[in-house]
Amino acid sequence: MRARLFHLWCLVCTCCLILTLGGIVFYLVSQSLPYLNGALFFGDTPVWDAISGKTRVWGALWPACVGTFSVTIIALLIALLPGIATGIWLAEFPRSRFSTGLGLAIDVLAGTPSVLMGLFGFTMILFLREHIAPAANHSLLLSASCLAILILPYLASTTRTAMQSVPLSLRISTHALGMNHWQRIWYVLLPRSTKGILSGIMLSFGRAAEDTAVIMLTGAVASAGLPSSLLARYEALPFSIFYYSAQYQTKGELGLAFGASVTLMCLTATTFAITGMVYQQSLSPHHD
Amino acid sequence: MQETDSILPAASRIPHLCLLGLVIPVFVLIALLFGFLFWFSLPVFYSGGNSIFSGEWQPEQGHFGIIPMIKGSMLLAVLTLCLSFPAAVGISGFCLLHPKHRITSLVHGMVRFMTGIPTVVYGLAALMLLVPLLRTWFTQSSGFGLLACLLALSLLTLPVMIMILENQLRESLNQHQLTGTSLGMSRSEILTHIIIPCAPQAFASAIVLGFGRAVGDTMLPLMLAGNAPQNPESLFDSIRTLTAHIGLVLSTEHGSATYNSLFASGFMLLAISVSLTVITRKLERSYQRRHPQASSSAQP
């Protein structure tokens, strides 16, 4: 009886999930379909002028796309080496007090709400303005640094998992060949865990691209045009969605929100789908 | 591996130092992050502790109480879990009961897709679909409030809970399936009578992770909950959470009088997330002790 009831409950929940998610995706796509064209991204400006930055694009998503890409890439560049290094360290030198502390810190950081990174960036600017550089202001660089803190634990933990899942037999063979610790890491463990590390990089790309709370507090604004320098304010896709959905005045502006949401959803969903495939492959024992 | 650690030859000392040079800044940065938040919230506890931890939020009169926000966050997270945890158990149960079914692979794909949907997109969908719906169904409310936020958040917390439940329950299902089948039990009987009663730890992990997601999310409460700092009394009341409070105050007000309450909220959030992380680590350890072969690394 209990088993029957449970089975029924499982069916009901699954149907609800499929219907709800299908409904949401259908709604978003159907609402944004009329707007999905060149004008959504470039407005009235000629495409090449917009891409080369000659003419400023008004009321369209091109600056936001560029902003999202640049902030994400800069965040990745900042976080990449330290993140992977931390992962290697945690996987290969696990038995010291420093490593235990580091592991705990990374875990805590992974569980920290993203708005706290935004708060941290905000405080940093207040602090810098008062004590060191009075001209410091919210900017692309600040957002990217805060996003870098946000994605650091993802990079570290995927690298650690990838290196720890290298089979024991391979480790033993490296000992038998007389390799020292660094030869082992450089010639065997790292090449072997490339796929895992790659999936970590893609995962953090997606996380950085979708996060709104951090960039909202550290420099994304509604109409800044293309980001002119590292110290300028910029536009970003998630912030445009938030802004236009709250403050739209015409149908067109709401259409921008829908268009931006479908664009962003495609971007992150593709990233995560590829990540999932690569991750599965890297975990399966038969890959090579 | 340990012998080589202690007597590093000279040639391998350089990469060691390089690695250490990258790792130590990370550690310092994390320490700086927590130190900063702690340091800035310290004055709050020294001086006006009473006014911060009071139930009143009236900046014009100098009352900066964050108790309504703490209550809002907690209430929202608990109610979200009440809805999404049973659903997550049901969905992961379906995937375990029909492991080869076409719908199961569809559900897997959907769960993976859901982790990729940005929070703000859920917010937009709920803003345009759910809020008008609630407004027409329950005419006394504006649509914004606890209920709208709770429904959207439960969708957000689902994937992580489904993933962890399915991973951990499948492990014990594989262990006990042969025994159960030989006793003449069907797959669903094995699941309800053996696996689920024996896996309180898997449920605890799912609840803790889901709670963390629900407490830590900023955009959904900001867009859907109405953001009035008050004590919620019904499902339709507008609430303000800690995360939304930080976002709201930072993006609208530019006086430093209210900043203290920000750091107090940040500190509360940090305390919640640190304790959740510690619990998660404990649970993970006990899981690994029980299943030494299993890789408990669910993808974040």
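The rules behind these values
Residues numbered from 1 in each chain as written. Chains lettered and ligands numbered in written order. Predicted model: local features only at pLDDT ≥ 70, side-chain atom pairs only at ≥ 80, totals over all residues. Heavy atoms only, no water. Core = buried A, V, L, I, M, F, W, Y, C linked by side-chain atoms within 4.5 Å. Buried < 20%, exposed > 50% of the residue type's maximum accessible area, 1.4 Å probe, protein only. Helix = DSSP H or I, 4+ residues; strand = E, 2+ residues; numbered from the N terminus. Contact = heavy atoms within 4.5 Å. Buried area = accessible area lost by both parts, 1.4 Å probe. Salt bridge = Lys/Arg side-chain N within 4 Å of Asp/Glu carboxyl O. Nonpolar A, V, L, I, M, F, W, Y, C, P; charged D, E, K, R; others polar. UniProt positions renumbered as here; feature names shortened; annotations may be inferred.

Draft legend 1. Quick peek at the nonpolar core. Membership of the largest hydrophobic core comes to 167 residues, with the highest contact counts inside it found for Leu28 of chain A together with Leu158, Leu224 and Ile246 of chain B. Top contributing element to this core by residue count: helix α7 (residues 146–182) of chain B, with 16 residues. The residues contacting Leu224 of chain B, other than those within four sequence positions of it, are Gly123, Ala126, Leu127, Val131, Phe144, Gly145, Ala148, Cys149 and Ala152 of chain B. Counting residues in each nonpolar core, the second largest holds five residues, with Phe42, Ala50, Val57 and Ala60 of chain A among its members.

Draft legend 2. Just the interface of chain A and chain B, in detail. At the interface, 85 residues of chain A touch 82 residues of chain B. Here chain A and chain B share an interface that buries about 7,700 Å² over both sides, 81% of which is from carbon and sulfur atoms. By the criterion of area lost to chain B, the three top residues of chain A are Phe6, Leu17 and Trp182 of chain A, representing 9% of everything that side buries. Viewed at the interface, chain B and chain A are joined by one salt bridge. Residue Arg281 of chain B pairs with Asp107 of chain A through a salt bridge whose shortest N-O separation is 2.7 Å. The biggest single contributor to the side of chain A that touches chain B is helix α1 (residues 2–32) of chain A, with 18 residues. Classifying every residue of the side of chain A that touches chain B by side-chain character gives 56 nonpolar, 21 polar and eight charged.

Draft legend 3. Seen up close, the UniProt feature "transmembrane region" (unreviewed entry) in chain B. Residues and elements named next belong to chain B. Under the UniProt annotation, "transmembrane region" (unreviewed entry) lies at residues 17–40, 74–97, 109–131, 143–165, 190–212 and 262–280. For residues 74–97, the helix share is 100%, the strand share is 0%, and the end-to-end C-alpha distance is 34 Å. With 91% helix and 0% strand, the stretch residues 109–131 has end C-alpha atoms that lie 28 Å from each other.

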